[in-house]
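Coordinates in review
Residues per chain are reported as follows:
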Amino acid sequence: MPSELSGRLAALVRWIDPGPGATHLVSDVSGWWRDPEVLARLGPALVEPFRAARPTVVVSPAVTGYLLGPLAATALGVGFVPAHKPGDGRLPAGALTWAQSPPDFRGRRVDLAVRDHGLQRGDRVLVVDDWVATGAQVRALYEICAARGAEPVGTAAVVLDCPPAIATELRVRGLVDGADLTA
Ligand SMILES: O=P(O)(O)OC[C@H]1O[C@H](OP(=O)(O)OP(=O)(O)O)[C@H](O)[C@@H]1O
């Protein structure tokens, strides 16, 4: 984990009160995109632990993943495949492979879908996302990979906020430890 970049990423996270009725603050990571040096370094830093695994494609879930995934894919020189959620309102046409996550950090079961032509048998998939909390969405994406005959090599996240056993099981690497973020 590059420590100087970790510190900058952590310092750029803001916590927002969503308003009346909210039970907790929500994170705002827009500072990552606004800082040109951080933006340039995110992709290479995310993929560094996985280069030796030779990913052939990056998969990321809506919606923040759509910003990070292409940065990682560009750093690797591979393509990017979005994982859609029904709430997107923009589900693509054509054959899709679906999986539902176990309850995630908000207790939601999240439906995720990937276009079949995006993943081929033998693809080596790097999942990229902003935050891993319970690993629920990562599990759903790995299930989709398996259904397509593709192999998930691991997950690169900006914030690693899950128990170590889950990080090991799902091969998650992060740039910032969730414990270093203060709300
Ligand atoms: O480890 P988990 O418990 O699965 O939680 C982490 C996921 O939850 C958030 O996604 P969210 O669905 O809130 O999407 P967003 O990118 O629109 O914030 C985050 O971006 C991860 O994808």
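Residues numbered from 1 in each chain as written. Predicted model: local features only at pLDDT ≥ 70, side-chain atom pairs only at ≥ 80, totals over all residues. Heavy atoms only, no water.

An unreviewed UniProt entry lists the chain under the name Phosphoribosyltransferase family protein, from Micromonospora reichwaldensis. The record held by UniProt for the chain lists under Pathway (unreviewed entry) the comment "Purine metabolism." What the UniProt record of the chain gives under Subcellular location (unreviewed entry) is the line "Cytoplasm". (UniProt positions renumbered as here; feature names shortened; annotations may be inferred.)

**Description of the side chain of His-84**
Mapped onto the secondary structure, His-84 falls in the loop between strand E4 (79–83) and strand E5 (96–100). Assessed through its relative accessible area of 10%, His-84 is described here as buried. Here the side chain of His-84 touches Tyr-66 through a polar contact of 3.4 Å, side chain to side chain. Beyond its immediate sequence surroundings of up to four residues, His-84 is in contact with Tyr-66, Arg-90, Leu-91, Pro-92, Asp-111, Leu-112 and Ala-113. (Helix = DSSP H or I, 4+ residues; strand = E, 2+ residues; numbered from the N terminus. Buried < 20%, exposed > 50% of the residue type's maximum accessible area, 1.4 Å probe, protein only. Polar contact = N/O pair within 3.5 Å; in protein donor to acceptor, adjacent residues only side chain to side chain. Contact = heavy atoms within 4.5 Å.)

**Let's talk about the sheet that holds strand E8 (residues 151–160)**
Strand order in this open sheet of 5 strands is E4-E3-E7-E8-E9, and the pairing throughout is parallel. Each of the sheet's edge strands pairs with one partner strand only, and the pair in question is E4 and strand E9 (172–177). Here the average twist between neighbouring strands, direction ignored, is 20°. In this structure, E8 lies alongside E9, joined through 5 bridges in parallel fashion. Paired with Ala-156 across the bridge in E9 is Arg-173. Seen against the sheet, helix H1 (residues 3–12) touches E8 and E9 and runs at an angle of roughly 70° to E9. This element, helix H3 (residues 36–47), spans strand E7 (124–132), E8 and E9 of the sheet and lies at about 135° to E8. (Pairing = 2+ DSSP bridges. Axes fitted to C-alpha atoms, helices over the stretch in contact; angles between N-to-C directions.)

**Remarks on the nonpolar core**
Judged by nonpolar contacts, the single largest core of 27 residues is most densely connected at Leu-9, Trp-32, Leu-42, Leu-126, Val-128, Val-158 and Val-176. Only H1, H3, helix H4 (65–76), E7, E8 and E9 provide two or more residues apiece to this core. Take this core: its biggest share by element is 5 residues, from H3. Apart from the residues lying within four places of it in its own chain, the contact partners of Leu-9 are Trp-32, Val-38, Leu-42, Val-158, Leu-175 and Val-176. (Core = buried A, V, L, I, M, F, W, Y, C linked by side-chain atoms within 4.5 Å.)

**Overview of the pattern of salt bridges**
Throughout the structure, instances matching the rule amount to 10 salt bridges. With a shortest N-O distance of 3.6 Å, Glu-4 and Arg-8 are connected by a salt bridge. Of this pair, Glu-4 and Arg-8 are both found in helix H1, 4 residues apart, which corresponds to roughly one turn of the helix. For the salt bridge of Glu-37 with Arg-41, the shortest nitrogen-to-oxygen distance reads 3.4 Å. Within this pair, Glu-37 and its partner Arg-41 are both found in helix H3, separated by 4 residues, close to a single helical turn. In this structure Glu-37 comes out as partly exposed when scored by relative accessible area, which is 41%. With relative accessibility at 27%, the residue Arg-41 sits in the partly exposed group. In this structure, a network of salt bridges that share partners links the residues Glu-4, Arg-8, Asp-35, Glu-37 and Arg-41. (Salt bridge = Lys/Arg side-chain N within 4 Å of Asp/Glu carboxyl O.)

**Quick look at the packing of aromatic side chains**
Within the structure shown, the criterion is met by 3 aromatic pairs. Note on Trp-32 and Trp-33: the rings are 5.9 Å apart at their centroids and 90° apart in plane angle, and the pair reads as edge-to-face. (Phe/Tyr/Trp six-rings, centres within 6.5 Å; stacked < 30°, edge-to-face > 60°.)

**Looking at the layout of surface pockets**
A probe as big as a water molecule, rolled over the atoms, marks out the empty space that is left. Empty space within the largest pocket amounts to approximately 780 Å³. Those elements that provide at least two residues to the lining of the largest pocket are strand E2 (26–28), helix H2 (30–34), E7 and helix H5 (136–147). Looking at the lining of the largest pocket element by element, the count peaks at 5 residues for E7. (1 Å grid on protein atoms, 1.4 Å probe; cavity = no way out; pocket = protein on both sides within 12 Å on 5 of 7 lines; lining within 4 Å. Points joined across faces, edges and corners; volume = space filled by probe spheres on them.)

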